[in-house]
Amino acid sequence: MNEEPLLEQLIEALRCLPGVGPKSAQRMAFHVLERDRDSARHLSTVLSKACDVIGHCADCRNFTELERCRICASASRDSSQLCVVESPSDVIAIERATGYRGKYFVLLGRLSPIDGIGPAELGLDQLKARLAEGEVSELIIATNPTVEGEATAYYLQEMASQQEIPVTRIAHGVPLGGELEYIDQSTLAMAFSSRQSLSR
Amino acid sequence: MRILEEPAFVLHARAFRETSLLLELLTREHGRIGAVARGARSAKSRWRNRLQPFRPLLVGWNQRGELGTLTGAEEVATLPPLKGEALMCGLYVNELLIRFLHRSDPHPGVFSAYQALVGSLSAGEQIQPLLRVFERDLLQDVGLGLQLDHEAGGERDLDPATHYEYLPESGAVPRDNQADSAHPLVSGEALIALRTGQINDSQQRELKLLMRRLIRYHLGDKPLASHDLFR
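Quantities reported herein were computed from a predicted structural model and do not represent experimental measurements. Along each chain, the written sequence defines residue order, and numbers are assigned to residues from 1. The lettering of chains begins at A and the numbering of ligands begins at 1, in the order of writing. Whole-chain, interface and lining totals are the exception, using all residues; otherwise, since this is a predicted model, local features are given only for residues with pLDDT of at least 70 and side-chain atom pairs are given and counted only at 80 or more. The side-chain numbers reported here are obtained from all heavy atoms of the structure, hydrogens and water having been left aside.

Draft legend 1. Examining the pairing of strand β5 (residues 67-75) of chain B more closely. All names here are of chain B. At least two bridges found by DSSP between two strands are what make those strands a pair. Under the scheme used here, helices are H or I runs from DSSP no shorter than 4 residues and strands are E runs no shorter than 2 residues, and both carry numbers assigned from the N terminus. Where strand β3 (residues 31-37) meets β5, three bridges bridge the pair, whose relative direction is parallel. By the bridge assignment for β5, Ala35 is matched with Gly68. Strand direction decides the pairing type here: strand β4 (residues 57-63) and β5, joined by seven bridges, are antiparallel. Of the residues in β5, the one forming a bridge with Val59 is Ala73.

Encoded structure:
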C-alpha cells in the first residue's frame, strides 16, 4: 500500500476518531472514495470550520461558536442556580431529562492528582470568581459518583462554603425500575444511608 | 502467570483504549501491579462500579510482561465510602504509593498498613496521626526509614526536651536555636511520639511539616500533585 501515500494517510487520519481501529478506518476510507465523495467533501469543510470556530463559552466553558453559549446568553435562564458538571455531554443529559432552568458550569474533567489534573485545569479559579460576584444562590454539584467525582464535589463544596453559598448534590441511589436484589452493594448502601423522610 | 483471588485495592484507574481501564492495583503478595480491565467502561460490564479506589477486592489476573489482564474482581466487604477530607487524604496516600512502590515489588507490610488505614479513614477516625504513622511505615518499608531511636551518630537517645534539625541522610541533629538550622526544628518529644505512634494535637503540625519535607526530598524534582488539593 506504500505506493498510495494519500490513501494511507486518510486511513491513518480516520483512526483519530473514538472506536475506529485500522479495519474500520479502511472501510470508511473505501466507502467515501467509492460512493460518497460529496458527503466526504462536506464533512471535511464542516470539520475544519468547526475546529476553527468552536471555542469555549466565556461563562460556563461549554463548547460554543459564540462568545457565550446559548444557555448562558439566554435571558430566560435563572442565573441564581448554577449546576457544575464534568462534561458537555452531562449538560445535554440534564437538559433532556430535567426541567432545570438554571445555568451550568462545565469542568471538562475531574480532579485527579495522579493524572496531573488539579483545580487550575478545571477552571476552578474562574468558578470561584463567578461565585464571588454574588449572583449565584445555589450551587448544584452534579459530578459523577466516582471517587474522583466525589473529590471534585468536596472541593467545590469547600469553595462555595467559604463564600457562604448554599450547596446541593444530586441524589445517588436505586435506579427507577431497578430491583434491590440486583443492585451493587455500594449503591444500595449509599441509597440506604441517604434515605428521605416521607412523614408529613 | 495466572493469579487468582488476591486481596487488592485499586489505587488508580484511567481510561484505556475505547472501553477498558488501566488499573494500578496494590496487592498483598505481588505489590503494586498494572493491569488492564477489558471492557470495564462499557455499560454492561459487571466490573463497572466495582473498580473504584478504597474498596477491598479479591482480584485475579494473568501476568505476561509488564501489564496484567484482569480476569476477576469481587468485592469483599462494603466499607462506607470515604468522604470529604478523608477522601482527599486517601487520594494523597494513593499517589504516595504509586510514587514510592515499584511495580511487582511485593510489600505485604505496606498492604496491611494500607488496609488498616482505609478502614480507619472510612470509619471517620482522626486523620492526621494515622497519616503520619502510615508515612513512617511506608518509608521504613521501602528502605528510606527515619532514624527515631537515637540522635544522629547513634550515641545518645532522643531527648524530649531538645529541639532537633532532622536531616534525611543522617537523622536528628540537636540545635540550640532555629537560626542554626536550614529547616524548621522539630522537638524530641514529637519525634518520640512519631516513633511510638502516640501523636497528640500539639505535635501534629511540626510532624506534618517534617514528613512533607522528607517525602519531597525522597521524591526529588516532581512534587506530589495531591498537595494542590490542600490549599
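Now that the structure is up, let's keep going.
Draft legend 2. Main features of the packing of aromatic side chains. Ring pairs shown here join Phe, Tyr and Trp side chains whose ring centres sit within 6.5 Å, with only the six-membered ring taken for Trp; geometry is labelled stacked below 30 degrees between planes, edge-to-face above 60, and tilted in between. All chains considered together, the criterion is met by four aromatic pairs over all chains. Arranged with centres 5.2 Å apart and planes meeting at 70 degrees, the rings of Tyr100 of chain A and Tyr104 of chain A form a pair that is edge-to-face. With respect to class, Tyr100 of chain A is no different from Tyr104 of chain A; both count as buried. Look at Phe9 of chain B and Tyr114 of chain B: their rings are 5.1 Å apart centre to centre, the planes differ by 80 degrees, and that puts the pair in the edge-to-face class. Taken together, the positions of Phe9 of chain B in strand β1 (residues 2-16) and Tyr114 of chain B in helix α2 (residues 108-122) put the pair 105 residues apart, joining distant regions of the chain. A relative accessible area of 2% means that Phe9 of chain B is categorised as buried. We call a residue buried when its accessible area falls under 20% of the maximum for its residue type, exposed when it is over 50%, and partly exposed in between, using a 1.4 Å probe and counting protein chains only.

Draft legend 3. Structural detail: the packing of helix α7 (residues 147-162) of chain A against helix α1 (residues 84-100) of chain B. Where α7 of chain A contacts α1 of chain B, the two axes come as close as 9 Å, and the packing angle between them is 125 degrees. Put simply, α7 of chain A runs oblique to α1 of chain B. Pair α7 of chain A / α1 of chain B crosses with left-handed handedness. Across the interface between the two elements, Val147, Glu150, Ala151, Tyr154 and Tyr155 of chain A of α7 of chain A pack against Gly84, Glu85, Leu87, Met88 and Leu91 of chain B of α1 of chain B. To define axes, lines are fitted to C-alpha atoms, for helices over the stretch in contact only, and angles between the resulting N-to-C directions are given on a 0 to 180 degree scale. What sets the label is the angle itself: under 35 degrees gives roughly parallel, over 145 gives roughly antiparallel, 65 to 115 gives roughly perpendicular, and the rest give oblique. Two helices crossing with the near one rotated counterclockwise from the far one by less than a right angle form a left-handed crossing, whereas a clockwise rotation gives a right-handed crossing. Here a residue-residue contact requires only that any non-hydrogen atoms of the pair lie within 4.5 Å.

Draft legend 4. Molecular detail of the interface of chain B and chain A. Taken together, the contact between chain B and chain A spans 26 residues of the former and 20 residues of the latter. Buried area is calculated as the accessible area (1.4 Å probe) missing from two parts once they are joined, with the contributions of both summed. Together chain B and chain A conceal approximately 2,000 Å² of surface at their shared face, both sides included; 64% is due to carbon and sulfur atoms. Between Lys or Arg on one side and Asp or Glu on the other, a salt bridge is scored when a side-chain nitrogen of the former is within 4 Å of a carboxyl oxygen of the latter. Across the contact surface, chain B and chain A share one salt bridge. For Arg14 of chain B, the salt bridge identified is with Asp115 of chain A, shortest N-O distance 3.5 Å. Polar contact criterion, stated in full: a pair of N or O atoms within 3.5 Å, where within protein one must be able to donate a hydrogen and the other to accept it, and residues adjacent in sequence count only if both atoms are side-chain atoms. Across the chain B-chain A interface, the total number found is three residue pairs in polar contact (both at pLDDT 80 or more). Among the elements of the structure, β1 and α1 of chain B are those that each provide at least two residues to the side of chain B that touches chain A. Per element, the largest residue contribution to the side of chain B that touches chain A is eight residues, and it comes from α1 of chain B. When the residues that make up the side of chain B that touches chain A are grouped by side-chain class, the tally is 11 nonpolar, seven polar and eight charged. The residue classification treats Ala, Val, Leu, Ile, Met, Phe, Trp, Tyr, Cys and Pro as nonpolar and Asp, Glu, Lys and Arg as charged. All others, Gly included, are polar.

Draft legend 5. Quick peek at the sheet that holds strand β8 (residues 186-187) of chain B. Residue and element names in this part refer to chain B. Here we have three strands laid out as an open sheet, ordered β7-β6-β8, and antiparallel in their pairing. Strand pairing shows two members of the sheet lacking a second neighbour, β7 (171-174) and β8, which therefore form its edges. Bridge count for strand β6 (residues 163-167) against β7 is four bridges, and the pairing is antiparallel. Residue Tyr164 lies in a different strand from β7, and its bridge partner there is Pro174.

Draft legend 6. Geometry of the nonpolar core. All names here are of chain B. Nonpolar cores are built from buried Ala, Val, Leu, Ile, Met, Phe, Trp, Tyr and Cys residues. Side-chain atoms within 4.5 Å join them into one set. Leu97, Tyr114, Leu146 and Leu191 are the most contacted members of the largest nonpolar core, which has 69 residues in total. For this core, the element with the most residues is α1, which contributes 11 residues. Sequence-distant contacts of Leu191, that is, excluding residues within four places in its chain, are made with Leu148, Leu158, Tyr164, Tyr166, Ala172, Val186, Leu207 and Leu210. In terms of nonpolar packing, the next biggest core, distinct from the first, is built from 18 residues, Leu23, Leu57, Trp61 and Leu70 among them.

Everything listed here is a matter of coordinates, which is why it stays silent on function.
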